[in-house]
Amino acid sequence: MTRKLWFGRGVRDGMPIAIGYFAVAFALGIKATAAGLTPWQSALLSFLNVTSAGEAAGIALLGVGTTYVELALTQLVINIRYLLMSCALSQKLSPTTGLLHRLAVGYGVTDEIFGISAATDGDLSPYYSYGAIAVAVPGWTLGTLLGAVMGNVLPARAVSALGVALYAMFLAIILPPARKSRVIAGLVAVSALASATLSWLCTALSLSFFTEGFRIITLTVVISLGAALLFPLKEAKESEGVADGN
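Residues numbered from 1 in each chain as written. Predicted model: local features only at pLDDT ≥ 70, side-chain atom pairs only at ≥ 80, totals over all residues. Heavy atoms only, no water.

Asker: Honestly, the overall build of the protein chain in this entry has me stumped. Any pointers?
Answerer: Helix and strand counts for the protein chain stand at 13 helices and zero strands. The order of helices and strands in the protein chain, counted from the N terminus, is α-α-α-α-α-α-α-α-α-α-α-α-α. The 246 residues of the protein chain split such that 34% are buried. Taking all contacts inside the protein chain whose residues are at least 6 apart in sequence as the whole, residues at least 24 apart take part in 77%. Element-wise, carbon and sulfur atoms account for 69% of the exposed surface of the protein chain, whose accessible area totals about 14900 Å². (Helix = DSSP H or I, 4+ residues; strand = E, 2+ residues; numbered from the N terminus. Buried < 20%, exposed > 50% of the residue type's maximum accessible area, 1.4 Å probe, protein only. Contact = heavy atoms within 4.5 Å. Areas by Shrake-Rupley, 256 points an atom, 1.4 Å probe, with all protein chains shown as cover.)

In C-alpha cells form, the structure reads like this:
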C-alpha cells in the first residue's frame, strides 16, 4: 500500500475521532477560560498536549496557582500510560522506520488513535498515524478554541451531552475486533469489570495516591501480561518455503 493510501485510510478512520474530540474539547475550553487562560492559550495547550485527562488536571492546578514541579509530576502520572502505548506501537512499525517518523507518531498517540492503530493488520505505516493525527488534533484544538470563545453561551446540560460522542467512538473501536475474536471480547469484558472494581475500591478505601493514571497502567500491564501468557499469538511464517515445509 502506498503512502497516499495509508494516509487516506488514516484520515478516514480518524474522522470519527475528530468529531468526538471536538465535542469533549469544547467542554475543556470552557474550563480553561474559567481558570484564567485566554482562548489562544487554551488552543495552544490542547495542540501541544492532546490529552483530555492531563489537560483537565493541569487546568485545575493552574486555576489554584500550583507550582511547576507539582504540575509536571501530575502530568507524568496521568499521561505515563502513553509510554506503554508508544512502546506497543513501536513493535508494529517496520524496523526500517526512522527516528523522526517514530517521534512524529508518538506525538499523536492517544487512547483512540492507539486503538485504531493497534487494530490495523500487519505492519503499521507512520503515514496511517499521520492521517489520523491530521484530522484528530485539529478537531481537538478547534474544539478547545471554540469552547473557550463560545462555551459560556450554551447551557451546561448541552455541553455535558457533547461528551457522549466520545463513548460511542470507544465502542466503535473495540466492538469490531471483539466480534471477530472471543478472546478479545472476553478481555474487553474483564478489563471493564476490573476497571470498575478497582475504581470502586480506591474510592471506598480512600486510596487517593492510586490515581486514574496509575490504575490504567496497572490494569494494562496485568491484563496484557495475563493475555500474553494464556493466549499467545503464533508468529507468522516468514516465507512460503517455511510454510510449505521446505
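There's plenty left to go through after this.
Asker: What am I meant to see in the pattern of salt bridges here?
Answerer: Where side chains of opposite charge bring their charged atoms close, a pairing between them can arise. Evaluated as defined, the whole model comprises two salt bridges. Residues Arg81 and Asp111 are paired through a salt bridge, measuring 3.2 Å at the closest nitrogen-oxygen approach. Here the residue Arg81 occupies a position in helix H5 (residues 81–92), and Asp111 occupies one in helix H7 (residues 111–118), the gap between them amounting to 30 residues. On the accessibility criterion, Asp111 (25% relative accessible area) is partly exposed. (Salt bridge = Lys/Arg side-chain N within 4 Å of Asp/Glu carboxyl O.)

Asker: Please explain a nonpolar patch on the surface as it appears in this structure.
Answerer: A contiguous nonpolar surface patch, about 360 Å² in accessible area, is contributed by Leu171, Ile174, Leu175, Ile184 and Val188. Secondary-structure elements contributing two or more residues to the nonpolar patch are helix H10 (164–180) and helix H11 (182–204). Looking at the nonpolar patch element by element, the count peaks at three residues for H10. Mapped onto the elements of the fold, Ile184 is located in helix H11. Looking at Ile184, the relative accessible area reads 33%, which means it is partly exposed. (Patch = residues over 30% accessible without salt bridge, like charges linked within 9 Å, V, L, I, M, F, W, Y side chains within 5 Å.)

Asker: Where do I start with the packing of helix H2 (residues 39–49) against helix H8 (residues 126–150) in this structure?
Answerer: Between two packed helices, what matters for the description is the angle formed by their axes and the separation of those axes. At their nearest, the axes of H2 and H8 sit 8 Å apart, and the two run at 155° to each other. With respect to each other, H2 and H8 are oriented roughly antiparallel. Relative to H8, the crossing made by H2 is right-handed. In this structure, H2 contributes Pro39, Trp40, Ser42, Ala43, Ser46 and Phe47 to the contact, and H8 contributes Val137, Trp140, Thr141, Thr144, Leu145, Ala148 and Val149. (Axes fitted to C-alpha atoms, helices over the stretch in contact; angles between N-to-C directions. Parallel < 35°, antiparallel > 145°, perpendicular 65-115°, else oblique. Left-handed = near helix turned anticlockwise from the far one by under 90°.)

Asker: Got a minute to help me understand helix H1 (residues 3–34) in this structure?
Answerer: Given 3.6 residues per helical turn, the α-helix brings residues three or four places apart onto the same face. Taking the largest bend as the criterion, H1 deviates by roughly 40°, centred on Gly14, and proline Pro16 comes between one and four positions later. Just downstream of H1 lies Gly36, where phi reads positive at about 105°. (Bend = angle between axes of the 7 residues up to and from the residue.)

Asker: Can you walk me through the confidence of the model for the protein chain in this structure?
Answerer: Low pLDDT means the predicted atomic positions in that stretch should not be read closely. A residue-level look at the protein chain finds 84% of positions with pLDDT of 70 or above and a mean pLDDT of 82. Here residues 236–246 is a poorly scored stretch, pLDDT under 50, and it has three contacts once near neighbours within four places are set aside; other chains count. (pLDDT = per-residue confidence, 0-100.)

Asker: Please explain the packing of helix H6 (residues 99–107) against H8 as it appears in this structure.
Answerer: With their axes 9 Å apart at the nearest point, H6 and H8 run at an angle of 35° to one another. The hand of the H6/H8 crossing is left-handed. Contacts from His101, Ala104, Val105 and Tyr107 in H6 reach Pro126, Tyr127, Ser129, Tyr130, Ile133 and Val137 in H8. Per-class residue counts for the contact of H6 with H8 are eight nonpolar, two polar and no charged. (Nonpolar A, V, L, I, M, F, W, Y, C, P; charged D, E, K, R; others polar.)

Asker: I'm lost on unusual backbone geometry in this one. Help?
Answerer: Excluding glycine, a negative phi dihedral is what most residues carry, and trans is how most peptide bonds are arranged. Phi is positive for Val50, which is not a glycine, with a value near 50°. Summarising the element assignment, Val50 is placed in the loop between H2 and helix H3 (52–63). Classification of Val50 by relative accessible area gives buried; the value is 6%.

Asker: Help me understand the environment of Asp13 in this model?
Answerer: Relative to the helices and strands, Asp13 resides in helix H1. Assessed through its relative accessible area of 21%, Asp13 is described here as partly exposed. When the C-alpha positions of Asp13 and Ile113 are compared, they lie 9.0 Å apart, and in sequence the two are 100 residues distant. Excluding its chain neighbours within four sequence positions, the residues that come into contact with Asp13 are Ile116 and Tyr128.

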